[in-house]
Amino acid sequence: MGGHGYDSGRLNLPFVGISTFGKRPYVEDWTRIDADAAILGAPYDFGTQFRPGARFGPRAVREASTLFSFGHAGAYDHEDDATYLGSDVRIVDLGDADIVHTDTERSHANIEAGVRAILKAGALPVVIGGDHSVNIPCIRAFDAQGPIHILQIDAHLDFVDERHGVRHGHGNPMRRAAEKGYVTGLTQLGIRNVSSTAKEGYEAARAMGADILSVRQIRKLGAEAVLARIPKGARLYVTIDIDGFCPSIAPGTGTPSHGGFLYYEVLELLQGAARAHEVVGIDLVEVAPDYDPTGSTAILAAQVLLNFLGFIFHARGKASGRLE
């Protein structure tokens, strides 16, 4: 027998109980984090330039994640012949950073404090946004963590320097990251179509160490060749904007852009990155659930995060997992 525990204790179906991420334990006291990975909600969307609603992303992704709370001892993947996210992988949910309406700096400071608490505890920070501006305080929190390389999956470059005085909106995070001395470079994947960043922004990004590839370019190269472009030995912070996916499978976002990734394309990139690199932080942003009455965007987000966590901890020698 597999020791999965289905025949003892509560059945605990997805629609039963409190919706923490994956039904993992809730930790209210951020000074008492004891885990391998800690989930932090960042329900801030005042940085958007088009449709709001990503403030409800963390709640929606958490609820969707309960679909994958089966498997008391992990989830078995027959393709990899591996059981993922077993009981040896300790994941906790810290709830949300406090958001002060209309106050970007105080809201961002609260998010940064949450990420710093996770790092201080030696856990992997996993932040669920919120719009992409929440990446700015996440990266700030890594100032004493050594060099990092950013792997971005996104439809948009997000490399605007300043527009009408705005420097911390959802079009700015990769520019703010590139300015940090401890950010050694950026790999920006999925960038396509008409972008919020002007031509000079692309030129500045490349001058500041960015490697930019569209979805079509990535499909021509293949996942292995794309991953080989990331500097060997780089410690990766991975930021995933849900609009990097095609809106045919992820319509629940504020700025959809057709021609995006499909599920397995991103999954293979993330699995390869986890095998080849130390992943030191993750954020997933821009899920705006009200634009998707089916809930499939939030399910996709939860599935991607859980799979990625599985890949990461498998690479670290713990049980890991992919969910279909």
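**Here we look at the sheet that holds strand S5 (residues 124-129)**
Consideration 1: Strand order in this open sheet of eight strands is S4-S1-S5-S10-S9-S6-S7-S8, and the pairing throughout is parallel. Both outer strands of the open sheet, strand S4 (91-96) and strand S8 (210-213), are each paired with one neighbouring strand and no more. Adjacent strand axes in the sheet meet at a mean angle of 15° when their direction is disregarded.
Consideration 2: Here strand S6 (residues 148-153) pairs with strand S9 (residues 235-241) via five bridges, running parallel. Residue His149 lies in a different strand from S9, and its bridge partner there is Leu236.
Consideration 3: Most of the contacts of helix H2 (residues 104-120) go to strand S1 (residues 37-42), to which it runs at about 180°, and overall it touches S1, S4, S5 and strand S10 (278-285).

**Quick word on the environment of Pro43**
Consideration 1: The residue Pro43 is located in the loop between S1 and helix H1 (57-65) in this model.
Consideration 2: Linking Pro43 and Gly190, residues 147 residues apart in sequence, is a C-alpha distance of 24 Å.
Consideration 3: Pro43 has contacts with Arg55, Pro58, Asp96, Ala97, Ile99 and Gly130, leaving out every residue within four places of it along the chain.

**Things to note about the pattern of salt bridges**
Consideration 1: As enumerated under the stated definition, the model contains 17 salt bridges in all.
Consideration 2: In this structure, the salt-bridge partner of Asp36 is Arg90, at a minimum N-O distance of 3.4 Å. You can see Asp36 sitting in the segment before S1 and its partner Arg90 sitting in the loop between strand S3 (82-84) and S4, a full 54 residues away along the chain.
Consideration 3: The class of Asp36 is buried, set by a relative accessible area of 11%.
Consideration 4: Take Arg90: its relative accessible area is 35%, and that puts it in the partly exposed class.
Consideration 5: Linked by salt bridges that have partners in common, Asp161, Glu162, Arg167, Arg175, Arg176 and Glu179 make up one network.

**Section: unusual backbone geometry**
In most cases, non-glycine residues show a negative phi, while peptide bonds are predominantly trans.
Consideration 1: Residue Gly130 is bonded to the preceding Gly129 through a cis peptide linkage, with omega at 20°.
Consideration 2: Position of Gly130 relative to the elements: it lies in the loop between S5 and helix H3 (135-140).
Consideration 3: Even without a glycine there, the phi angle at Lys23 is positive, about 60°.
Consideration 4: By the secondary structure assignment, Lys23 is in the segment before S1.
Consideration 5: Judged by its relative accessible area of 19%, Lys23 falls in the buried class.
Consideration 6: Even without a glycine there, the phi angle at Asp81 is positive, about 50°.
Consideration 7: By the secondary structure assignment, Asp81 is in the loop between strand S2 (75-77) and S3.

**Regarding the layout of surface pockets**
Consideration 1: As a volume, the second largest pocket reaches approximately 300 Å³.
Consideration 2: Taken together, 13 residues line the second largest pocket, and the ones lying closest to its centre are Pro43, Pro58, Arg59, Arg62 and Asp96.

The rules behind each value
- Residues numbered from 1 in each chain as written.
- Predicted model: local features only at pLDDT ≥ 70, side-chain atom pairs only at ≥ 80, totals over all residues.
- Heavy atoms only, no water.
- Pairing = 2+ DSSP bridges.
- Helix = DSSP H or I, 4+ residues; strand = E, 2+ residues; numbered from the N terminus.
- Axes fitted to C-alpha atoms, helices over the stretch in contact; angles between N-to-C directions.
- Contact = heavy atoms within 4.5 Å.
- Salt bridge = Lys/Arg side-chain N within 4 Å of Asp/Glu carboxyl O.
- Buried < 20%, exposed > 50% of the residue type's maximum accessible area, 1.4 Å probe, protein only.
- 1 Å grid on protein atoms, 1.4 Å probe; cavity = no way out; pocket = protein on both sides within 12 Å on 5 of 7 lines; lining within 4 Å.
- Points joined across faces, edges and corners; volume = space filled by probe spheres on them.

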